[in-house]
Amino acid sequence: MRIFYKTLVLVKAGLLAFTGSLAVTVATVNAAALEPCDVSNPGLVHCGSAPSATFSEDGTLWVVFEYQQHVWLTQSSDSGRQFAVAKRVTDEPENIEINGENRPKIIIDEDSDSLFVSWTQKTEGMHTGDIRFTYSPDMGSTFESVRTVNDDGLLTSHRFESMLLTDEGRLYITWLDKRELEYAKERGEEYRGSGVFYTFSDDHGRNFAPNQQIADHSCECCRIAVAPHGDNGMALMWRHVFDVNTRDHAIATVNGAEVTPVVRATVDDWQIDACPHHGPSMVPADSAENYHMSWFSAGDTHRGLYYGRHNVASGETTLVRQMDARPGAGHPSLAAADDVLHMVWKRFNGVATDLIHVSSTDGGQSWSEESVLASTEGGSDHPLLVQGPEALHVSWMTHEDGYQFVRVSDAKPDIRAFTTTTLEDIKAQRDGEPFVLALWSVTCPPCMVELEMFGELLKEYPDLPLVLVSTDDIAGLEDALDFLYDYELEGITSWMFADSFTERLRFSIDPNWFGELPRSYYYDPAHQAEAHSGILKEEQVRDWLGL
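Residues numbered from 1 in each chain as written. Predicted model: local features only at pLDDT ≥ 70, side-chain atom pairs only at ≥ 80, totals over all residues. Heavy atoms only, no water.

Scanning the chain from N- to C-terminus turns up nine helices and 34 strands. For a compact globule of 547 residues, the expected C-alpha radius of gyration is about 24 Å, and the chain comes in at 26 Å, within 12% of that figure. Seen through its C-alpha atoms, the chain measures out along the principal axes to roughly 90 × 45 × 45 Å. At a minimum sequence separation of 6, the contacts of the chain that also span at least 24 residues come to 55%. Taken as a whole, the chain presents about 22,400 Å² of accessible surface, with 47% of it coming from carbon and sulfur. Computing the positive centroid from 40 side-chain charges and the negative centroid from 85, the chain places the two 4 Å apart. (Helix = DSSP H or I, 4+ residues; strand = E, 2+ residues; numbered from the N terminus. Rg over C-alpha atoms; globule rule 2.2 N^0.38 Å. Contact = heavy atoms within 4.5 Å. Areas by Shrake-Rupley, 256 points an atom, 1.4 Å probe, with all protein chains shown as cover. Lys, Arg positive; Asp, Glu negative; His and termini not counted. Charge placed at Lys NZ, Arg CZ, Asp CG, Glu CD.)

Right, here's the structure in full:
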């Protein structure tokens, strides 16, 4: 995967050329690939399983994951480029469910400085489990004792939990539950599938209401999608067993102890007596009653990945659209950010698994062309969209490359080929204007320090007269793109060397340049150049440009 390649070359180059970057770069790579997994390594998340991620308001990324029968917590202050040493959430080892539809979950409550974590614990029987929960009252410094949320005391299936925190601070946990199956057996009755149960807490996870049932006869092996409903309620969508064995989707809403009737959300006519292991995704749309939905079906009416919009007040589903019909496509995730609806999923092409992204600017009526955000030739987890304070990302665990946190951008990066005449063309376009020319490479760790500085300056000065030129061959454009996304420089025009004959291209810039990086030039309004080798300081840029 190109994203992993980026961090790997940084480590290799940093070991030899930039000692100061070593502690920074090692933390970002797949620890399993470079050194034995160790709980003291900042990169432990790359060795773990089934991660879930969220952001706090200050931009810190928090990730929970399973490793060696414990739940662990780590954090990153730079959107996943480096991670802190992980902290163990659980005191005692547990057999934690870590398949794609089951994973530890995390939610942050800024109002109470609390951090909530839930997961499913496998118990002794076949396909049995308990819903487990703990919270930290001090943003991850300490955790309270782990407790079991399901209150029936039965050795049966309680699995596939989801959590939601409302705007008013109510915490919901919902899950698939087979207690009603056990009761039906005692009565000598048949029971199809599982039930859907939930509980809620109005005191930041300190206490929970008694378990309450939402529905009978859900499919027993698919995750539940949850979304806010109003200020203090929850909407949830799950795969339901209609009729005898029609496994389509249902929706209901809850508000405290109040539960609305179950409504059919999709009509796919998937007749199957099996476990699809393929849960839906759902996010709020343009009103409190409308929701965007994405799901998978192999039914007689609909086959493939689908999008639709559902109104929980009227019970109507509209704008149903097939997004991907290929057999290797699955596990969609939705998110809405800045009036843009995003959808990602993964698709196996026979050789590698691609992470696919599309977006809609008109509420799901039309969609962009597909783009591939990342790719891996090994096994991979389900992708999950994560909204941060400044950008949308995809959380994706891969066997080959460890944990990937991929930035999603609607910007169309403009990267052009740098030839022997390009600099003169740039000067002509900027006639009478000063500018900074910065040369960098994907194999240059000090260059990353400079790129980060330029990214921060660009936020303050969107019209910053900056010309970025990568000395890497433009054939490696995808690797350069990753860095531009990481440092939020994808919105400006950049150049890459047009061929591998770097000496000729370097000479066209400056006959006295030996090729050291980073290398920068300030061109005054008359385009007289002042050269600088090494990491450029922000103060120098401000002085050059009079900022």
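Picking up where we left off.
A few words on the layout of surface pockets. Of the voids in this model, the largest pocket is the one considered here, and its volume is about 1,600 Å³. Around the largest pocket, the lining comprises 47 residues; the ones closest to its centre are Thr54, Ile107, Met163, Leu164 and Leu385. Of all the secondary structure elements, the ones that give two or more residues to the lining of the largest pocket are strand S1 (49–55), strand S5 (105–109), strand S9 (158–165), strand S13 (225–229), strand S18 (281–284), strand S22 (329–337) and strand S26 (384–387). By residue class, the composition of the lining of the largest pocket is 25 nonpolar, 12 polar and 10 charged. (1 Å grid on protein atoms, 1.4 Å probe; cavity = no way out; pocket = protein on both sides within 12 Å on 5 of 7 lines; lining within 4 Å. Points joined across faces, edges and corners; volume = space filled by probe spheres on them. Nonpolar A, V, L, I, M, F, W, Y, C, P; charged D, E, K, R; others polar.)

Turning our attention to the environment of Pro280. Relative to the assigned elements, Pro280 resides in the loop between strand S17 (263–264) and S18. With 144 residues separating them along the chain, Pro280 and Glu424 place their C-alpha atoms 54 Å apart. Setting aside residues up to four positions removed in sequence, Pro280 forms contacts with Arg223, Ala225, Met237, Trp238, His249, Ser294 and Trp295.

A few words now on unusual backbone geometry. Looking along the chain, the bond that leaves Leu517 and enters Pro518 is cis, with omega of -5 degrees. With respect to the helices and strands, Pro518 occurs in the loop between helix H8 (502–509) and strand S33 (519–523). One non-glycine residue, Gln68, adopts positive backbone phi at about 50 degrees. In this fold, Gln68 is placed in the loop between strand S2 (61–67) and strand S3 (70–76). In this structure Gln68 comes out as exposed when scored by relative accessible area, which is 59%. One non-glycine residue, Leu319, lies in positive phi territory at about 55 degrees. If you trace the backbone, Leu319 turns up in strand S21 (residues 316–324). Overall, the relative accessible area of 34% leaves Leu319 in the partly exposed class. (Buried < 20%, exposed > 50% of the residue type's maximum accessible area, 1.4 Å probe, protein only.)

Moving on, we come to the sheet that holds strand S19 (residues 290–298). On the basis of which strands lie adjacent, the open sheet formed by four strands has the order S18-S19-S20-S21 and antiparallel pairing. Two strands bound the open sheet, and with one partner strand each, they are S18 and S21. Pairwise comparison of adjacent strand axes, ignoring direction, gives a mean angle of 20 degrees for this sheet. Taken together, the nine bridges between S19 and strand S20 (residues 303–311) define a ladder with antiparallel strand orientation. By the bridge assignment, Tyr291 is partnered in S20 with His310. (Pairing = 2+ DSSP bridges. Axes fitted to C-alpha atoms, helices over the stretch in contact; angles between N-to-C directions.)

The next subject is the pairing of strand S10 (residues 171–177). Of all seven residues that make up S10, seven are buried, and the element is covered over most of its length. Burial along S10 is two-sided: Leu171, Ile173, Trp175 and Asp177 and Tyr172, Thr174 and Leu176, pointing in opposite directions, are all buried. Two elements, S9 and S10, share six bridges in a ladder whose sense is antiparallel. Bridging across to S10, Arg159 finds its partner in Leu176.

To continue, consider the nonpolar core. Judged by nonpolar contacts, the single largest core of 30 residues is most densely connected at Val436, Trp440, Leu451, Phe454, Leu466, Leu468 and Leu489. Breaking this core down by element, the ones donating at least two residues are strand S30 (435–440), helix H6 (445–460), strand S31 (466–473), helix H7 (477–486) and helix H9 (538–545). Among the elements that line this core, the one with the most residues is H6, at seven residues. Not counting residues up to four positions away in its chain, the partners in contact with Leu466 are Arg430, Val436, Ala438, Phe454 and Ile492. (Core = buried A, V, L, I, M, F, W, Y, C linked by side-chain atoms within 4.5 Å.)

This paragraph deals with the pairing of strand S32 (residues 494–497). Here S32 shows no split at all, with Ser494 and Met496 on one side and Trp495 and Phe497 on the other all buried. With four bridges joining them, strand S29 (residues 415–418) and S32 adopt parallel strand pairing. If you follow Ile415 over to S32, its bridge partner there is Ser494. Two elements, S31 and S32, share four bridges in a ladder whose sense is parallel. Paired with Val469 across the two strands is Trp495, which belongs to S32. With H7 bridging S31 and the parallel S32, this β-α-β connection has right-handed handedness. (Right-handed = clockwise from strand over helix to strand, strands pointing away.)

Counted by the stated rule, this structure contains 29 salt bridges. One salt bridge in this structure joins Asp324 and Arg326, with 3.1 Å as the shortest N-O distance. Owing to a relative accessible area of 2%, Asp324 belongs among the buried residues under this scheme. On the basis of relative accessible area, Arg326 is assigned to the partly exposed category, the value being 43%. Put simply, Arg347 and Asp324 hold a salt bridge, and the shortest N to O gap is 2.5 Å. Of this pair, Arg347 sits in strand S23 (residues 340–348) while Asp324 sits in strand S21, and the two are 23 residues apart along the sequence. In the salt-bridge network here, residues are joined through shared partners; they are Glu390, Arg407, Glu456, Lys459, Glu488 and Glu490. (Salt bridge = Lys/Arg side-chain N within 4 Å of Asp/Glu carboxyl O.)

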